[in-house]
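What follows is each chain in one-letter form.
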Amino acid sequence: MKVESQLEKISSFGHLELLANQIVEGFISGMHKSPFHGFSSEFAEHKVYNPGESTRHIDWKLFAKTDRLYTKRYEEETNLRCHIILDNSSSMHYPRLKDGQPFYENKIGFSVLASAVLMDLLKRQRDAVGLSVYSDNYEFYAPEKGSGRHHRMLINKLEEVLEKPRESKSTDTITYLHQIAQKMHRRSMIILFTDMFQGEDNEDLFNALQHLKHNKHKVVLFHVIDKKTEFSFDFDNTPRKFVDLETGEQVNLFAENIKDEYEKLVKDYFKKIEDTCMQYRIKYVPVSVDEKFEKILLTYLVEKQKFG
């Protein structure tokens, strides 16, 4: 399932919807040939054919390719509502991209493309999707809908997030997670992309995450990082100036002098997040900007099956 090979072919177009569509097409093609074929019916506008059902809607072309019987899904079978939440604070715009570097190799670009890919899956199954974007203010909110026009509007918003110049914006995750939770009245799957860098008390943050689970929502937290530098602190040993993207605070140091202590603190923090999410039954998935998108897609499929 080499969906990443699709990126090189068309990333030069810079068109988010086209890129997301090609990734999903590659993923679906791989799924039909993989041990996960049972999941493919969950998003490819098909469902497994059960003996005794009418053969009227069997997709014979797919049968010829896979030697398995699937029937086509139709609009009245829509049963999922999904709300995607995107952290657009300044720390998400790390690392700074070099000229010619693909947009999805920093945290915000990776999260935007992952969101677009998930929206493509939801669109194929005619499920309803909504979007929230926040930083130091609640930048955008759209409720869950399934129309093509709505999908286009959300894609336009994601492209706008990529195109806007980076500003120094802090994170007010707690306030806006509570606000989003209050807007979610019907049972939904809630997917959050954030780097979890925030200055507030951790307990308040976890309370906000727990609030998202009210009304029996399912919450999936994708913890987005640049693993090489943010987790492993992998810098050469030359004097460097480190700048807080949200406060502008600067510090000069040799990375090697604090590497061990930094890595221990980060590992402890990640473990606390993971343990707390487990306690609250929130699906916690750490992802790095250099990872493949299969992890995002398979997590979605597995959690959707559990959501039922």
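Read on for an overview of the structure. From a predicted model like this one, the values you see are computed outputs, not experimental measurements.

Definitions and cut-offs
- All residue numbers refer to positions counted from 1 along the written sequence of the respective chain.
- In view of the model being predicted, local features appear only for residues whose pLDDT reaches at least 70, and side-chain atom pairs are presented and counted only at 80 or more, with totals across whole chains, interfaces and linings using the full set of residues.
- Hydrogen atoms and water are omitted, and side-chain values are computed over all heavy atoms in the structure.
- Two strands pair if DSSP finds at least two bridges between them.
- Helix and strand assignments come from DSSP, with helices taken as H or I runs of at least 4 residues and strands as E runs of at least 2, each series counted from the N terminus.
- Orientation is described by lines fitted to C-alpha atoms, with helices fitted over the stretch in contact, and by angles between N-to-C directions that extend from 0 to 180 degrees.
- By definition, residues are in contact when any of their heavy atoms lie within 4.5 Å.
- Helix span, as expected, comes to 1.5 Å for every residue beyond the first.
- Throughout, exposure labels follow a simple rule: accessible area from a 1.4 Å probe, protein chains only, divided by the maximum for the residue type, with under 20% read as buried, over 50% as exposed, and the rest as partly exposed.
- For Phe, Tyr and Trp, rings pair up if their centres lie within 6.5 Å, where Trp contributes its six-membered ring, and each pair is then called stacked (planes under 30 degrees apart), edge-to-face (over 60) or tilted (otherwise).
- A ring has a charge above it when a Lys NZ or an Arg CZ is no more than 6 Å from the ring centre and no more than 35 degrees off the ring normal.

Here we come to the sheet that holds strand S5 (residues 138-145). Backbone-to-backbone hydrogen bonds join strands into a sheet, with any given pair of strands oriented parallel or antiparallel. Strands sit in the order S5-S4-S3-S6-S7-S10 across an open sheet of six strands; the sheet is mixed. Looking at the sheet topology across the chains shown, the edges are occupied by S5 and strand S10 (283-288). For this sheet, the mean inter-axis angle between neighbouring strands, taken without regard to orientation, is 15°. Two strands pair when backbone bridges link them, and strand S6 (residues 189-194) and strand S7 (residues 218-225) are joined in this way by six bridges, in the parallel orientation. Pairing of Phe193 across the sheet is with Phe222, part of S7. Along the sheet face, helix H6 (residues 148-163) touches strand S3 (81-87), strand S4 (128-134) and S5 and points at about 160° away from the line of S5.

The next thing to look at is helix H11 (residues 294-307). Compared with the 20 Å implied by 1.5 Å per residue over 14 residues, the 20 Å span of H11 between its first and last C-alpha is a close match. A large share of H11 lies buried, amounting to 10 of its 14 residues. Taken together, the buried positions of H11 are Glu294, Ile296, Leu297, Leu298, Thr299, Tyr300, Leu301, Glu303, Lys304 and Phe307.

Time to look at the packing of aromatic side chains. Throughout the structure, instances matching the rule amount to eight aromatic pairs. An angle of 20° between the planes, with centres 5.0 Å apart, marks the rings of Phe110 and Phe293 as stacked. Separated by 183 residues along the polypeptide, Phe110 in helix H5 (residues 107-124) and Phe293 in the loop between S10 and H11 bring together distant segments of the chain. Both rings, one in Phe193 and one in Phe222, keep their centres 5.1 Å apart while their planes meet at 15°; by these two values the pair is stacked. Highlighted residues: Phe193 in strand S6 and Phe222 in strand S7, separated in sequence by 29 residues. Phe193 gets classed as buried once you look at its relative accessible area, which sits at 0%. Of the aromatic side chains, those joined through ring pairs into one cluster are Tyr134, Tyr138, Tyr141 and Tyr176. Directly above the aromatic system of Tyr141 lies the positively charged group of Lys183, at a separation of 4.4 Å from the ring centroid.

The periodicity of an α-helix, 3.6 residues per turn, causes residues three or four positions apart to be oriented the same way. Here H5 is 18 residues long and its end C-alpha atoms lie 26 Å apart, about the 26 Å a rise of 1.5 Å per residue gives. In terms of burial, H5 is largely enclosed, as 17 of its 18 residues are buried. Immediately beyond the C-terminal end of H5, within one or two residues, lies Arg126, with a positive phi of roughly 60°.

Bear in mind that shape data such as this cannot, by itself, settle questions of function.
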